[in-house]
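Close look at the chain arrangement
This is what each chain is made of:
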Amino acid sequence: MSALSQKKIVLGICGSIAAYKSLLILRQLVKSGAEVEVIMTEAAADFVGPLSYSTLSGKPVLTHIHSESDWNNHVHLGLWADLLIVAPATAQTIAKFANGMVDNLLTAVFLSARCPVMIAPAMDVDMWYHAATQRNIKFLESIGVRIIPVEEGLLASGLSGAGRLAEPENILNLVHSFFQVQQSMNGRKVLITAGPTQEPIDPVRFISNYSSGKMGVRIAEICLERGAEVHLILGPSNENIPVHKHLNLMRVKTAEEMFDAVKSMYMDMTDFILAAAVADYRPLDSSAQKIKKTDELLQLTLTKTPDIAMFVGAHKSPNQKLVGFALETNDFLANARAKLHKKNMDMIVLNSTGEQGVGFGYDTNRIEILDQKGGHVIFDKKSKKEVAADIVNALLLL
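Here's a quick rundown of the structure. This structure is a prediction, so every number in the text was calculated from the model and none was measured. (Residues numbered from 1 in each chain as written. Predicted model: local features only at pLDDT ≥ 70, side-chain atom pairs only at ≥ 80, totals over all residues. Heavy atoms only, no water.)

Here the focus is the packing of helix α1 (residues 20-31) against helix α8 (residues 168-182). Axes are the key here: two packed helices are described by the angle between their axes and the distance separating the axes. Direction vectors running N to C along α1 and α8 enclose 40°, while the axes themselves pass 9 Å from each other. When the axes of α1 and α8 are compared, the pair comes out oblique. Crossing geometry of α1 relative to α8 is assigned as right-handed. Side by side, α1 and α8 meet where Lys21, Leu24, Ile25, Gln28 and Leu29 of the first sit next to Pro168, Ile171, Leu172 and Val175 of the second. For the contact of α1 with α8, a count of residues per class yields seven nonpolar, one polar and one charged. (Axes fitted to C-alpha atoms, helices over the stretch in contact; angles between N-to-C directions. Helix = DSSP H or I, 4+ residues; strand = E, 2+ residues; numbered from the N terminus. Parallel < 35°, antiparallel > 145°, perpendicular 65-115°, else oblique. Left-handed = near helix turned anticlockwise from the far one by under 90°. Contact = heavy atoms within 4.5 Å. Nonpolar A, V, L, I, M, F, W, Y, C, P; charged D, E, K, R; others polar.)

Right under this line is the structure:
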């Protein structure tokens, strides 16, 4: 069965001489079993008539948010689609996307889309290399829009260079690959812990750490994109959590609460990714009243919190995979390997402190991955979304 079978795709078409190529894209999408809704900008109709698209898609072409007899619900389209692909995407539409401007149905659907978005640019070489266009492309990439690389060759202006719309075959191959990756975790139930825990000293004070929850939330996003059912157990965090029908979010504060949540569902999971920075100790006694500042010294007696990774490692079945994390300040590899084996993890993600721009609170990270078979892979510094993809890719190879 094709990876595109029964997929719902919105195909956006902008006003470019390359618009005729989108007919070939549409034909192959439909032939592969996809259900396609076509949205044309007003300028696109100057190059290829809507009748050609409606004939191939079997549906009326959408051009305006409202017509004389109907209102095209851009919110519905944004929720309905498994993928929004714009091919060709002109410099003007790319600029509108990057700046959140809405003046037609396509830009409205872009802002409403909860699905992944692919853009295949098409324009003259000077427009492509202009600093404004490159800024817009980089911004869209930074918010997760997938940019299909332009190709080089003879352009409509008579010039030759970069800016040609990617060939339909290359675009379709990328769409096929995208959906194949999307389905790589179908049927898997992934439990992810993320964020810090807060261990109360009194009603207004607690022991915690600098974890923001960014890494664990990015991992949850990647797993959801790839078809997994995700159970995210999140400590105190200000991260925006994706709205997804396959996401079960549980918010907790303390290590004990996180441990209880893991215990309540661990038997039903296929994978565990324990990215939370769980406090190792908590106050033995938490005061019911705010502790007043009196003596020069205040002594706290600390006791160990439950070891979630140790519990999962001891109780998981051979078919369940456990991924842990190690944040080390010295003897990085030795400490990570010891934790990997002691807690019966299948894989451990090693973070180190001291490098600028990585770790707690940052949007970038640099990791190393070790596994039980002796594998050791070192990665460059990347965005945490890219790091999350590297972690999930490694998990799928276990």
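This part covers the side chain of Ser212. Structurally, Ser212 can be placed in the loop between β10 (205-207) and α9 (214-225). According to the relative accessible area criterion, Ser212 is buried, its value standing at 18%. (Buried < 20%, exposed > 50% of the residue type's maximum accessible area, 1.4 Å probe, protein only.)

All buried positions along helix α4 (residues 91-99) are accounted for by Ala91, Thr93, Ile94, Lys96, Phe97 and Ala98. Against the buried residues of α4 lie β3 (83-89), α5 (105-112), β4 (117-121), α6 (125-129) and α7 (131-142).

This part takes up the packing of aromatic side chains. If you walk through the whole model with that rule in mind, you get four aromatic pairs. Seen from their ring centres, Phe178 and Phe179 are 4.9 Å apart, and the 70° between their planes marks the pair as edge-to-face. This pair shows no difference in class: Phe178 is buried, exactly as Phe179 is. Centre to centre, the rings of Phe259 and Phe311 are 5.3 Å apart; their planes meet at 90°, and the pair counts as edge-to-face. One end of the pair, Phe259, is in helix α10 (residues 255-265); the other, Phe311, is in helix α11 (residues 308-315), and 52 residues separate them in sequence. (Phe/Tyr/Trp six-rings, centres within 6.5 Å; stacked < 30°, edge-to-face > 60°.)

This part takes up the environment of Gly153. Inspection of the secondary structure assignment puts Gly153 in strand β6 (residues 151-154). Note on Gly153: relative accessible area 18%, which makes it buried. Residues Gly153 and Glu239, 86 residues apart in the sequence, show an inter-C-alpha distance of 44 Å. Each residue touching Gly153, except ones within four places of it in the same chain, is listed here: Leu159, Ser160, Gly161 and Arg164.

Attention shifts here to unusual backbone geometry. Residue Ala87 is joined to Pro88 through a cis peptide bond whose omega torsion reads 5°. Along the chain, Pro88 falls in strand β3. Backbone geometry at Asp331 places phi at a positive 45°, although glycine is not the residue there. As for its position among the elements, Asp331 is in the loop between β16 (321-328) and α12 (332-342). Among the residues examined, Asp331 registers a relative accessible area of 52% and is labelled exposed. One non-glycine residue, Asn344, lies in the positive phi region at around 55°. For Asn344, the position within the fold is in the loop between α12 and β17 (347-352).

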